[in-house]
Amino acid sequence: MIPKISSGKSTAGLIRYLFDTKRTKDHTDPHLVASWDGFAPDPGRADDFAATKKLLVADLDLHVKQARRLNRAPEQHVWHCSIRAAKSDRHLSDEEWADIARRVVAATGIAPDGDPDGCRWVAVRHAPDHIHIAATKVRGDLSTARHWNDYINANRELAAVEKEYGLFRVARGDRTAAKRPTRAEQEKALRAGHDKPARERLRATIRTAVAAASSVEEFVHLLSHTDGVLVEIVYFPSGDVRGYKVASEDTTTADKQPVWFSGYDLAPDLSLPQIRKRLENTDAQPTDQPGRHRPNPWHQATAATERIPHHLDQTDDEASQAHIAAFGEALDALPLVAPQDLRPQLREAATAFERATRSRIQAEHHHARALRGAVRAMLREPAPKDGTALAMLLDAAILTVIAAARWHQLRHHDQQVAAVHQTLVHLQAAYDQAAAAPVAALAQRRPPQQTVDRHIRHLRQVVPDHAQQVVEDPAFDALAVTLAEAEAAGHDPAQLLQEAVDQLALGDADSPARVLVWRIQRLTATPTPSTRAGLASAPHTSYGTTPQPAPLPLVAGVQHRR
């Protein structure tokens, strides 16, 4: 159940709407199910509808008129709360709706339990699946009701109602979600032939620009050169950027004026001050210098991503929130560099994860400098054509998504958990598609059977419970090639397998051989002299010295299938 709360000036206008059955076709059999004293006149059950409706309005407005004579009545004296059950819920009886209404007005401060001076209110049911509560905000002692945080308190009470009544449990937010498009915006988009309203399209555009920019100036430049987007920049007298507004070129008002949105209107973290904080906490990437090895940004981004589960397992929530936000930027950037056929799924994954990048915990963005810097550098260097780098990054990304779900779940961030579950569906689909070609290319270089048999023995020693599953995996030939090439480069195959398995239990993987391929390739990647994934910059003397994330338990409701 989700409450919608608003204020107004006309008690008569609200009551007229609630009992109207002519202009509003879905209003059937409107009637009272509860009221402040249980004896309020019910126009829906009276012989003289008009007279009874007038009497009800007068009763509700009694204290308002008294307070108005003393100049104590609030201008917006009407309090309106609608409560709708989920489509999957059973139809509640009038008595059940009455109980819910009483609990909500008590929880919100409109009519606290046992308070004889509580506000006057009625609950009207004019459809099977919802009720409306109409109240006037002046109490019996002619003071104004204390109903601050009424939405939060109503939500909390309805969560208890859902549990007690066995109803659908809504994933409740923490007021950090981006504002949803209005019904008018949605209908306008449909008429114009767009699949999403302008608000959502502009939000995605700005997030992509933030993910690609390394400074506020570059962000403004990218945004100003985006097709189909109008941009208005506001400057301080000093010439520094103060703020910005955006509009879609194909969305105007009735008088042909653009419909402008500020960054904050689109999402809390898209205001210019918030964007500036993130961009200022981005590692600058080294430029090419003669005689100096240039780090591979794809390897850096993958290494930083696979370290995020370890960070989320620590006690610093502000740092964890920063890593999740930076990972969201990485997802925003991926469609820019991925093959055309992968972009739809990656865009959907980024859009879904956007909700998981914010919570009431304030991010300390300096903790995620390394990932941001690697992502910016990655955008300036296309992925290798064989697809291996992208598949490896997506493999690490799936592990991070599962860790983010667990982190949010432990903190009861319901909407964020739901968003992460949705992200995993799209990311898994993109990963399956991205991994197919590089795995097939590896499998074509299958080593001699004698070498394969030796690696099977290593598997039976390291993972006896999963060895047969790995051997029967269609990606096993690619794993055999990976182990053979690592052995030829001087690595111990058994030790590599052990370290790869220690990162995450293979029982969670749909294709354990494929998972092992990417982990072993990352473990044997040539180390770089720069810091790896934001860790200390000590020389990397041998493979296996970089700390790896601890094994991660599965999140309830999330199946890890890779």
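Overview of the structure. (Residues numbered from 1 in each chain as written. Predicted model: local features only at pLDDT ≥ 70, side-chain atom pairs only at ≥ 80, totals over all residues. Heavy atoms only, no water.)

**A short note on the overall build of the protein chain**
Going by this rule: Numbering goes from the N terminus for both helices and strands, where a helix is a DSSP run of H or I of at least four residues and a strand is a run of E of at least two. Three exposure classes are used, based on accessible area relative to the maximum for each residue type with a 1.4 Å probe and protein chains only: buried under 20%, partly exposed in between, and exposed over 50%. Only heavy atoms matter for contacts: two residues are in contact if any of them lie within 4.5 Å across the pair. To measure how exposed things are, a 1.4 Å probe is used in the Shrake-Rupley method; for residues, cover is taken only from the protein chains shown. The positive count covers Lys and Arg only, the negative count covers Asp and Glu only, and His and the chain ends enter neither. Lys charges are placed at NZ, Arg charges at CZ, Asp charges at CG and Glu charges at CD.
A tally of regular secondary structure across the protein chain gives 21 helices and eight strands. Seen along its three principal axes, the alpha-carbon backbone of the protein chain occupies a region of about 95 × 60 × 45 Å. By the burial criterion, 50% of the 562 residues in the protein chain qualify as buried. In the protein chain, once contacts between residues fewer than 6 apart in sequence are set aside, the share between residues at least 24 apart is 73%. For the protein chain, the exposed area adds up to about 26800 Å²; of that, 50% sits on carbon and sulfur atoms. Charge separation in the protein chain, taken as the distance between the mean sites of 70 positive and 70 negative side-chain charges, equals 4 Å.

**A closer look at the pairing of strand β5 (residues 130-136)**
The criterion, for reference: The pairing criterion for strands is at least two bridges between them, as found by DSSP.
Counting buried positions along β5 yields seven of seven residues, so the element is predominantly enclosed. Every second residue of β5 is oriented toward a common face, with His130, His132, Ala134 and Thr136 on one face and Ile131, Ile133 and Ala135 on the other, all of them buried. Relative to β5, strand β3 (residues 78-84) runs antiparallel, the two sharing seven bridges. Residue His80 lies in a different strand from β5, and its bridge partner there is Ala134. Here strand β4 (residues 121-127) runs beside β5; their pairing, made up of five bridges, is antiparallel. Following the sheet pairing, Ala127 is matched in β5 by His130. Hairpin remark: β4 followed by β5, antiparallel, with two residues in the connecting loop.

**Description of the packing of helix α12 (residues 317-337) against helix α13 (residues 343-353)**
The cut-off we apply is this: Each axis is a line fitted through C-alpha atoms, taken for helices only over the stretch in contact, and angles between the N-to-C directions span 0 to 180 degrees. Oblique is the label for any angle not under 35 degrees, not over 145, and not in the 65 to 115 range, which are roughly parallel, roughly antiparallel and roughly perpendicular in turn. What makes a crossing left-handed is the near helix being turned counterclockwise from the far one by less than a right angle; a clockwise turn instead makes it right-handed. Under the grouping applied here, Gly and all other residues not named as nonpolar or charged are polar, the nonpolar ones being Ala, Val, Leu, Ile, Met, Phe, Trp, Tyr, Cys and Pro and the charged ones Asp, Glu, Lys and Arg.
It is at 8 Å that the axes of α12 and α13 come closest, and there the two elements cross at 155°. Relative to α13, the element α12 lies roughly antiparallel. Helix-helix and strand crossings are classified by hand; for α12 and α13 the assignment is left-handed. Contact residues: α12 offers Ile324, Phe327, Gly328, Leu331, Asp332, Leu334, Pro335 and Leu336, while α13 offers Arg343, Leu346, Arg347, Ala349, Ala350 and Phe353. Here the residues of the contact of α12 with α13 are counted per class, giving ten nonpolar, one polar and three charged.

**Overview of the pairing of β4**
Side-chain positions along a regular strand alternate between the two faces of the sheet. Burial analysis of β4 places seven of its seven residues in the buried class, which makes it a mostly covered element. Bridging between strand β2 (residues 31-35) and β4 involves four bridges; their strand directions are antiparallel. Considered in β4, the bridge of His31 is made with Arg125.

**Topic: the packing of aromatic side chains**
Using the following cut-off: When two rings of Phe, Tyr or Trp (its six-membered ring) have centres within 6.5 Å they constitute a pair, described as stacked for plane angles under 30 degrees, edge-to-face for angles over 60, and tilted for the intermediate range.
Considering all chains together, one arrives at three aromatic pairs under this definition. When the centroid spacing of 5.2 Å and the interplanar angle of 85° are considered together, the rings of Phe327 and Phe353 count as edge-to-face. Taken as a pair, Phe327 in helix α12 and Phe353 in helix α13 lie far apart in primary sequence, 26 residues in all. A relative accessible area of 1% means that Phe353 is categorised as buried.

**Brief notes about the nonpolar core**
So the rule is basically this: Only buried residues count toward a nonpolar core, which is a set of Ala, Val, Leu, Ile, Met, Phe, Trp, Tyr and Cys residues joined through side-chain atoms within 4.5 Å.
Core analysis: the biggest nonpolar cluster contains 79 residues, and Leu334, Leu394, Leu427, Leu479 and Leu516 have the highest contact counts within it. For this core, the element with the highest residue contribution is helix α15 (residues 388-410), accounting for 14 residues. For Leu394, the residues in contact, after removing those within four places along its chain, are Leu334, Leu346, Leu427, Ala430, Tyr431 and Ala434. Val33, Ala123, Ile133 and Leu167 belong to the second-largest nonpolar core, a separate cluster that totals 28 residues.

**Quick word on the sheet that holds strand β7 (residues 241-248)**
Reading across from one edge, β6-β7-β8 is the order of the three strands in this open sheet, with antiparallel pairing throughout. Strand pairing shows two members of the sheet lacking a second neighbour, β6 (229-235) and β8 (261-262), which therefore form its edges.

**What about the sheet that holds β4?**
The sheet built from five strands is open, its strands ordered β1-β3-β5-β4-β2 with antiparallel pairing. Each having just a single partner strand, β1 (2-8) and β2 make up the two edges of the open sheet. When the angles between neighbouring strand axes are averaged without regard to direction, this sheet yields 25°. Contacts between helix α5 (residues 150-165) and the sheet are confined to β1 and β3, with β1 contributing the most and set at about 150° to the helix.

**Description of the pattern of salt bridges**
Where charged atoms from two side chains of opposite charge come close, those side chains can pair. The condition that has to hold: Salt bridge, as used here: a side-chain nitrogen of Lys or Arg that lies within 4 Å of a carboxyl oxygen of Asp or Glu.
One pass over the structure, following the stated rule, counts 35 salt bridges. With a closest N to O distance of 3.0 Å, Arg90 and Glu96 form a salt bridge. The class of Arg90 is partly exposed, set by a relative accessible area of 42%. The partner of Arg372 in a salt bridge is Glu329, and the shortest N-O contact between them spans 3.0 Å. Placement of Arg372 in helix α14 (residues 369-379) and of Glu329 in helix α12 is noted, with a sequence separation of 43 residues between them. A single salt-bridge network, built from bridges that share partners, covers Arg207, Asp269, Arg278, Glu329, Asp332, Glu354, Arg358, Arg372 and Arg376.

**Things to note about helix α20 (residues 493-503)**
Here is the rule we go by: Here a polar contact is taken to be a pair of N or O atoms separated by no more than 3.5 Å, where protein atoms must pair a possible hydrogen donor with a possible acceptor and residues adjacent in sequence count only if both atoms sit in side chains.
The buried fraction of α20 is high, at eight of eleven residues. Along α20, the residues classified as buried are Pro493, Ala494, Leu496, Leu497, Glu499, Ala500, Val501 and Gln503. For α20, the secondary structure elements touched by its buried residues are α17 (449-462), α19 (476-488) and α21 (512-523). In this structure Asp492 caps α20, since a side-chain oxygen of it lies 3.1 Å from the backbone nitrogen of Ala494.

**Brief notes about unusual backbone geometry**
A positive phi angle, close to 50°, is found at Asp29, a residue other than glycine. A positive phi angle is found at Arg175, which is not glycine, with a value near 65°.

**Focus: the side chain of Lys137**
Structurally, Lys137 is set in the loop between β5 and α5. Looking at Lys137, its side chain comes within polar contact range of the side chain of Ser7, at 2.7 Å. Excluding anything up to four places from it in sequence, Lys137 contacts Ser7, Pro74, Gln76, His77, Val78, Trp79, Cys119, Ser143, Thr144, Ala145 and His147.

**Side note on the side chain of Arg522**
Its place among the elements puts Arg522 in helix α21. There is a polar contact of 2.6 Å between the side chain of Arg522 and the side chain of Glu306.

**Describing the environment of Arg69**
Position of Arg69 relative to the elements: it lies in helix α3 (residues 62-69). It is 41 Å that separates the C-alpha atoms of Arg69 and Tyr264, two residues lying 195 residues apart in sequence.

**Structural notes on the packing of helix α7 (residues 198-212) against α14**
Look at α7 against α14: their axes get within 8 Å of each other, and the N-to-C directions meet at 95°. Of the possible angle classes, the one that applies to α7 and α14 is roughly perpendicular. Residues Val210, Ala211 and Ala212 of α7 pack against Val375, Arg376 and Leu379 of α14. Of the residues that constitute the contact of α7 with α14, the class distribution is five nonpolar, no polar and one charged.

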